[in-house]
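Each chain is listed here by its residues.
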Amino acid sequence: MKNFITLILFIVSFFINFVNNNYSHPAWGIVVDRQKQVYFSDLETVYKIDTQGKLSIFRAGVSGRHVHDLAIDSQDNIYGLDNSYEPQTQKFFRAIWKMSSKGEFSEIVPLTENLPSGMSIWRDFEGNTFSVEPYNNEKRESKIIKRTVTGKTTLFAGGIFGYLDGAKQNARFGNIVEMTFATDGSIYLTDSDMVRQINKNGKVSTLFRPQNTQNPKNIDSSSRKLYGLAVDRQNNVFVADFGNQQLLKINSKAEVSTILNSEKDWSPLGVATFEDEVYVLEGRPLSSSQNTGNRVLKISSDNKSTVIGNLEDASNSNDRRNPNNFLSQTEQSDDYVSNSESKTADKENQITNKQIVLYSIAGLLLAFLLAFIIGKSKFAN
């Protein structure tokens, strides 16, 4: 009986983990080059919106390779990290690539199980790269490794997994999702549900936590999930609060405000800045009944929000893989962006609640079927 219950629990947990592993990690990568061309990930495919509003494929998707994040350097080279999983060996593999704004592709690190220490797409203005190691879910250590342009690696900050501010060598970090760099030498990162800073003197401080008094009152801390963040020329930090469907702004005094409330069935995933403009990558939360691709908003200095690219519109009108797709711009009111209803759904890399329910039901049915077979076999004996 005990073995039978163990088997049932194993099957159910397998399907739960399957859903979580395959669908709970969206893409939040978005960058802007010096010509104000926007590049963003839709998990496997990386798209480009040019200055005329034309949407095209920048880097075609490779099945099974997920590009969650993007980065850009001062020469408008775009960097991406491929993540893939091999079911046969149950191993994870990663690769780092670079593309120029003209589309010239080069592979920095081929697909490998273990990236060289300090190698990532996160790079400061001097070309040094930073990685978070070890790359696992054991939650024992969380170290930020710095790799110089000459290949020298050092422990930059962190150590034991956890939470602790102070000198960077003594500080503790948790689940670091995103990292960005300011012109004054500071590093900003999203760490679990917090926004933290490592200043040029090596001091680690927390700019934002859900329980802080400056936390906006209309934010439910229990549902927080922070993904992308960016910093502008005035050292204002913008962070995508996916869990609460808001874009937060943290000024140089650590004062927090909400500058965008996404409409129903949309939520911020990533953010980028250029001059006085903010670009927001939005996706569908799992609570949505629609999942047909991400969209990009531009917030101007006067807080006007404009949808400049929408994969749902592309899938409605034309094949979104067509490089000649054109998405017209539609301006909306302050701090609110309207949704264009989708009539068709491209579910290549997305999931809906309905799919989650179907997977769960399939898992339970399989569990009960096996239980019936095993039970019948015992009675027969």
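Each remark here, short or long, concerns the structure printed above.
Residues numbered from 1 in each chain as written. Predicted model: local features only at pLDDT ≥ 70, side-chain atom pairs only at ≥ 80, totals over all residues. Heavy atoms only, no water.

### Topic: the packing of aromatic side chains
- In total, this model carries 8 aromatic pairs according to the counting rule given.
- Here the aromatic rings of Trp28 and Tyr227 are separated by 5.3 Å at their centres, their planes lie at 25°, and the arrangement is stacked. Pair noted here: Trp28 is in the loop between helix H1 (2-23) and strand E1 (30-32) and Tyr227 is in strand E17 (residues 226-231), with a separation of 199 residues, a long-range link. Both residues of the pair, Trp28 and Tyr227, count as buried.
- Among the aromatic side chains, those forming a connected cluster through ring pairs are Trp28, Tyr227 and Phe242.
- Between the NZ or CZ atom of Arg284 and the centre of the ring of Trp266, over which it lies, the distance is 4.0 Å. (Phe/Tyr/Trp six-rings, centres within 6.5 Å; stacked < 30°, edge-to-face > 60°. Helix = DSSP H or I, 4+ residues; strand = E, 2+ residues; numbered from the N terminus. Buried < 20%, exposed > 50% of the residue type's maximum accessible area, 1.4 Å probe, protein only. Lys NZ or Arg CZ within 6 Å of the ring centre and 35° of its normal.)

### Here we look at the sheet that holds strand E12 (residues 166-167)
- Spatial strand order, E12-E16-E15-E14-E13: 5 strands in an open sheet with antiparallel pairing. At either margin of the open sheet sits one strand with a lone partner, and together these are E12 and strand E13 (176-181).
- The pairing of E13 with strand E14 (residues 187-191) spans 5 bridges and is classified as antiparallel. Bridge assignment links Thr180 to a residue of E14, and that residue is Tyr188. (Pairing = 2+ DSSP bridges.)

### Description of the pattern of salt bridges
- By the definition in use, this model includes 13 salt bridges.
- Between Glu277 and Lys36 there is a salt bridge; the shortest N-O distance is 3.6 Å. Here Glu277 is found in strand E22 (residues 277-283), whereas its partner Lys36 is found in the loop between E1 and strand E2 (38-41), with 241 residues between them in sequence.
- For Glu277, a relative accessible area of 15% translates into the label buried.
- Lys36 sits in the partly exposed class, given a relative accessible area of 33%.
- With a shortest N-O distance of 3.1 Å, Asp82 and Arg65 are connected by a salt bridge. A residue pair is termed long-range when its members are at least 10 positions apart, and Asp82 in strand E6 (residues 78-86) and Arg65 in the loop between strand E4 (55-59) and strand E5 (66-72) qualify at 17 residues.
- Asp82 gets classed as buried once you look at its relative accessible area, which sits at 0%.
- Overall, Arg65 belongs to the buried group, its relative accessible area being 19%. (Salt bridge = Lys/Arg side-chain N within 4 Å of Asp/Glu carboxyl O.)

### Some points on the pairing of E2
- Burial along E2 is two-sided: the residues Val38 and Phe40 and Tyr39 and Ser41 are all buried.
- With 3 bridges connecting them, E1 and E2 associate as antiparallel partners. Residue Val32 lies in a different strand from E2, and its bridge partner there is Val38.
- Relative to strand E3 (residues 46-49), E2 runs antiparallel, the two sharing 4 bridges. Residue Phe40 lies in a different strand from E3, and its bridge partner there is Tyr47.
- Here E2 folds back onto E3 in antiparallel fashion, the turn holding 4 residues, of which Leu43 has a positive phi close to 90°.

### Some details on the sheet that holds E4
- Strands sit in the order E1-E2-E3-E4 across an open sheet of 4 strands; the sheet is antiparallel. Only two strands of the sheet have a single neighbouring strand rather than two, namely E1 and E4. Each strand axis lies, on average, 25° off the axis of its neighbour in the sheet, ignoring direction.
- Strand direction decides the pairing type here: E3 and E4, joined by 4 bridges, are antiparallel. The residue of E4 that forms the bridge with Ile49 is Leu55. (Axes fitted to C-alpha atoms, helices over the stretch in contact; angles between N-to-C directions.)

### Focus: unusual backbone geometry
- In the segment running from Glu133 into Pro134, the intervening peptide bond is cis, with an omega of -5°.
- You can see Pro134 is positioned in the loop between strand E9 (129-133) and strand E10 (141-147).
- Residue Leu43 is not a glycine yet carries a positive backbone phi of 90°.
- Note on placement: Leu43 falls in the loop between E2 and E3.
- According to the relative accessible area criterion, Leu43 is buried, its value standing at 6%.
- If you check the backbone angles, Asn303 has positive phi at about 70° while not being a glycine.
- With respect to the helices, strands and loops of the structure, Asn303 is situated in the loop between strand E23 (295-299) and strand E24 (305-310).

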